Amino acid sequence: MNSPAPSPSEKGSFGSAAAMKRLKQRHRAEMRFKLYGQLAIGIAIVALVTLLISIFGQASSAFSRNVLTFDVRLDAEQVDPSGERDPEAIARNVSGFNLLLQDNLAEDFLPGETDRARLRELYGMFTRLAVLPIARKTAENPEIIGTGQEFRVALADDIDLYLKGGVSERKSLKLGEIQDVTGTLDDGIDVTFADMKAVEDLRSALETFRERSEGDNQPAALIQLGETWFRLQDIDGRTASLTYLAGASTMPAAGTNASTLVLEQSEENRTVSDRQIAWTMLLKEDGRVKSVFNTSLFSHSDSTYPELAGTAAAVVGSLWTMLVTALLAIPVGIFAAVYLEEFATKNRMTDLIEVNINNLAAVPSIVFGLLGAAVFINFLGLPRSVPLVGGLVLGLLVLPTVIIASRAALKAVPPSIRDAALGVGASQTQAVFHHVVPLAAPGILTGSIIGMARALGETAPLLLIGMVAFVAEVPDGPTDESTVLPVLIYKWSTGAERAWEPQTAAAIIVLLVFLVLMNLIAIILRRRFERRW
Amino acid sequence: MDGNVEDFTETRPKQAHTMSEMIKVDCRNIDVFYGDKQAIYDISLAIQDRAVTSFIGPSGCGKSTFLRCINRMNDTIETAKVSGQIYMDGADINDHSIDPVLLRSRVGMVFQKPNPFPKSIYDNIAYGPRIHGLASGKQELDEVVESALRKAGLWDEVKDRLQAPGTSLSGGQQQRLCIARAIAVSPEVILMDEPCSALDPIATARIEELIDELRERYCIVIVTHSMQQAARVSQRTAFFHLGKLIEYGDTEQIFTNPVDSKTQDYITGRYG
Ligand SMILES: Nc1ncnc2c1ncn2[C@@H]1O[C@H](COP(=O)(O)OP(=O)(O)OP(=O)(O)O)[C@@H](O)[C@H]1O
Ligand SMILES: [Mg+2]
């Protein structure tokens, strides 16, 4: 090159000082903007993670369930008093099966007991309907009547919650061997512990709980000596006076190993009694109470008892509803969008339609519920609480979304493709359906699935058309009474028992799984469509 | 070709070949409005068969608009209104009885920017013949595709990758693919709107060569901003200015001895 060499002053500098200053400012502005962006994403991620952690944390206990295994001979007298082996009668004979379970328990824990209150305490570890699955199973296979069977029943929600660490704060301690035992099981016994240190631990545990609790709450201590459980009445030095609670009714011998369960809440402040805890612990030690994966969450329908309630009916109801919604919203939406975008002449009329579609997309969903109730149920006389009506209402609700998304996708197809098709003599319809729509398909698909996802999560309009009814049967079709997942979540979240809380969170997870699945399908389909080009 | 021969001796100096004397497209008193705005003022122009006619003129003078009248692509623009008559082989193409779809299968078009369908090379070419039912069976379709690609001079470059997407070709190859696509429906007229404006000189030379070859079989109209290109490839040239046809004649005459001073100014590069 023949240009003169740069003078030293110019070397290494591309501009004047003012230009450099401006440049620096610009760099700073860019950095700032980047920071804002990262901050925004950070906040979004933190919010999402918090949400997920709290839901999963709450739901984790709902995914396992404590069940009792019990062996029983299915006594024909009890199970099928009529002797006709009528499956329906057997399935309805909940009391008969309950008696089997109760007798089985009473034989183990309270042989010969006549105190009704005591028996009720024992039976209270299970809800009445816990035996329903057994009754149904027996009804399906009547030949097992009269034979010995092994069954599993769900423990009552409070016991289940206790086993999962709820109901009361607790602390387990080893107390070492006992030196000396006096008294009788009926009147109470006095026990002397060998290990002073262990007794101190027990005292301090009681003291900590007492300090923590407010009011006149007295922490309780349950003491296990061998196979027998006692309640701690008083402790003086190394000697404790105990009363019998449950388990083997033999006097413990000196040298037996002792352990204790210190509970923060006194018996009156708990939903589970001392005795029920003792029985539960005995059953657990026997291996008869086990924590299993809570399949009933997926296989059962709704129930008034949280330990028996499941999402099956709501999931199937949601699927039927979504099917109706998709059949209405997707084809109508796509054809409306194609017509408006590709064929309709632009005039006042189409402008008006466009404005109204945009407005419709912003209408609160509850309004669609009112419309559904007025038009489909009152005017057309369709039944209440059925997926057909729910699907129609949700279909109308997401129709504008599908139309808007599809139109945007169609608009994004370069006009040169239309020109190319028309240029080789394709008709307008051929150009649109051979070239424009396939190119817009990924966008249309995404829009449709986003619309469907919105419909899947809708609650309000469905409440208005009665899909909040209690549904204990899995619906067989779109005209069967049913409910949907978000409505079920809403219902469960209003349940009074503590056990509804994890149950609700678990149902939310089921719903989220569905949403993730739908989005996954959207992504896969989009990939497939896009790869073809 | 059964084009109707008309007497245009007044506006057209005599030609060596009688074949070239045949008029393929005869446009009379064309006015085009975009809404209220008039883009073309009363243009009458006869285009010869088996020859290349080039439209030149400054930007915005209505070359594309006029070109698009010939295959009724202006129909797709809602605001556009075309009046006047265009006769192709004696039939008025604006007549109600003429379907624009049928017309466009006889009047192919190549656009300024290469616009292959986002499909395979094969499907790009085969699309036209398929929708017009020009080939029965795979065998015949293969032949149509091959012959179109050969005529467009693209066959040797793509014969091993017919299933590759059309968009994977280079710009020049894409434009030749578009020409092949237009040829595949065996049109009689090919309209090209600045076909080389997005291409480098080598690809341009290739296309010009191709246009020269195609001239033997088709009636070609090309819009161009390059004087050299117009001079190189066309036999007839029309100069447009502000929506009016200023001068139309043999390319040689227009470039060497223009009648109108505006034409003179434009081709010598004084404006535009
Ligand atoms: N779709 C349209 N709507 C409204 N006016 C248009 C439209 N297309 C073109 N015009 C107008 O018509 C006139 C002619 O346009 P045209 O595209 O035919 O010019 P051109 O000669 O092809 O220009 P260029 O050489 O830049 O391509 C211009 O004034 C332009 O603004
Ligand atoms: Mg143009």
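Quick note: structure is the one above.
Computed from a prediction, not measured in an experiment: that's the story for all the values here.

Colleague: How would you summarise the overall build of chain A if you had to cite specific residues and measurements?
Modeller: Each helix and strand in chain A was counted, giving 19 helices and nine strands. Relative to its length of 533 residues, chain A is extended, with a C-alpha radius of gyration of 35 Å against a globular reference of 24 Å. The principal-axis extents of the C-alpha atoms in chain A amount to approximately 110 × 85 × 40 Å. Relative to its 533 residues, chain A shows a buried fraction of 44%. Partitioning the contacts of chain A with sequence separation of at least 6, the portion at a separation of at least 24 is 74%. For chain A, the exposed area adds up to about 27500 Å²; of that, 59% sits on carbon and sulfur atoms.

Colleague: How would you explain the packing of aromatic side chains if you had to name every residue and give the values?
Modeller: Two measures describe an aromatic ring pair: the distance that separates the ring centres and the angle between the ring planes. Overall, the coordinates contain 13 aromatic pairs over all chains when judged by the stated rule. Aromatic pair Phe-70 of chain A and Phe-151 of chain A: ring centres 6.4 Å apart, planes at 50 degrees, arrangement tilted. Of the two residues, Phe-70 of chain A sits in strand β1 (residues 64-73) while Phe-151 of chain A sits in strand β2 (residues 148-154), which places them 81 residues apart along the sequence. Overall, the relative accessible area of 2% leaves Phe-70 of chain A in the buried class. Look at Phe-55 of chain B and Phe-240 of chain B: their rings are 5.0 Å apart centre to centre, the planes differ by 50 degrees, and that puts the pair in the tilted class. Within this pair, whereas Phe-55 of chain B is found in strand β3 (residues 52-56), its partner Phe-240 of chain B is found in strand β9 (residues 236-241), the two being separated by 185 residues in sequence. No difference in accessibility class separates Phe-55 of chain B from Phe-240 of chain B, as the two residues are buried. In textbook terms, an aromatic cluster arises when at least three aromatic residues are bridged by ring pairs, as seen for Phe-63, Phe-293 and Phe-298 of chain A. A cation sits over an aromatic face here: Arg-170 of chain A above Tyr-162 of chain A, 3.8 Å from the ring centre. The side chain of Arg-236 of chain B reaches across the aromatic face of Tyr-248 of chain B, ending 4.6 Å from its centre.

Colleague: Tell me about the site of ligand 1, and name the residues and values.
Modeller: Residue and element names in this part refer to chain B. Neighbouring ligand 1 are 13 residues; Ser-59, Lys-63, Ser-64, Thr-65 and His-225 lie closest to it. Here an oxygen atom of ligand 1 and a side-chain polar atom of Ser-64 are 2.5 Å apart. Contacts to ligand 1 include Glu-194, whose side-chain N or O atom sits 3.2 Å from an oxygen atom. Protein coverage of the free-state accessible area of ligand 1, which is 630 Å², stands at 64%. Elements that contribute at least two residues to the shell around ligand 1 include exactly β2 (37-48) and α1 (63-70). Among the residues forming the shell around ligand 1, the class breakdown is four nonpolar, six polar and three charged.

Colleague: Give me the pattern of salt bridges: which residues, what numbers.
Modeller: Pairs can form between side chains of opposite charge whenever their charged atoms are close. Residue and element names in this part refer to chain A. If you walk through the whole model with that rule in mind, you get 36 salt bridges over all chains. Taking the shortest distance from any N to any O, the salt bridge between Glu-207 and Arg-210 comes out at 3.0 Å. In this pair, Glu-207 and Arg-210 are both assigned in helix α8 (residues 196-212), three residues apart and thus about one turn of the helix distant. Classification of Glu-207 by relative accessible area gives partly exposed; the value is 35%. Residue class for Arg-210 comes out partly exposed when judged on its relative accessible area of 33%. As a salt-bridge pair, Arg-407 and Glu-354 come within 3.5 Å of each other at their nearest N and O atoms. Residue Arg-407 is found in helix α14 (residues 387-411), and its partner Glu-354 is found in helix α12 (residues 348-361); the two are separated by 53 residues along the sequence.

Colleague: So what's going on with the sheet that holds strand β4 (residues 188-193) of chain A? Residues and values would help.
Modeller: Residues and elements named next belong to chain A. Strand order around the closed barrel formed by six strands is β3-β4-β7-β6-β5-β8, with antiparallel pairing between neighbours. Here the strands of the sheet are splayed against their neighbours by 45 degrees on average, with no regard to which way each runs. Judged from the six bridges that link them, strand β3 (residues 170-184) and β4 form a sheet pairing that is antiparallel. Within β4, the residue paired with Asp-180 across the bridge is Thr-192. In this fold α8 packs onto β3, β4, β5 (220-225), β6 (228-236) and β8 (257-263), with an angle of close to 125 degrees to the strand it touches most, β3. This element, helix α9 (residues 274-286), spans β5, β6, β7 (239-247) and β8 of the sheet and lies at about 70 degrees to β7.

Here is what the cut-offs are and how they apply
Residues numbered from 1 in each chain as written. Chains lettered and ligands numbered in written order. Predicted model: local features only at pLDDT ≥ 70, side-chain atom pairs only at ≥ 80, totals over all residues. Heavy atoms only, no water. Helix = DSSP H or I, 4+ residues; strand = E, 2+ residues; numbered from the N terminus. Rg over C-alpha atoms; globule rule 2.2 N^0.38 Å. Buried < 20%, exposed > 50% of the residue type's maximum accessible area, 1.4 Å probe, protein only. Contact = heavy atoms within 4.5 Å. Areas by Shrake-Rupley, 256 points an atom, 1.4 Å probe, with all protein chains shown as cover. Phe/Tyr/Trp six-rings, centres within 6.5 Å; stacked < 30°, edge-to-face > 60°. Lys NZ or Arg CZ within 6 Å of the ring centre and 35° of its normal. Near = heavy atom within 4 Å. Polar contact = N/O pair within 3.5 Å; in protein donor to acceptor, adjacent residues only side chain to side chain. Nonpolar A, V, L, I, M, F, W, Y, C, P; charged D, E, K, R; others polar. Salt bridge = Lys/Arg side-chain N within 4 Å of Asp/Glu carboxyl O. Pairing = 2+ DSSP bridges. Axes fitted to C-alpha atoms, helices over the stretch in contact; angles between N-to-C directions.

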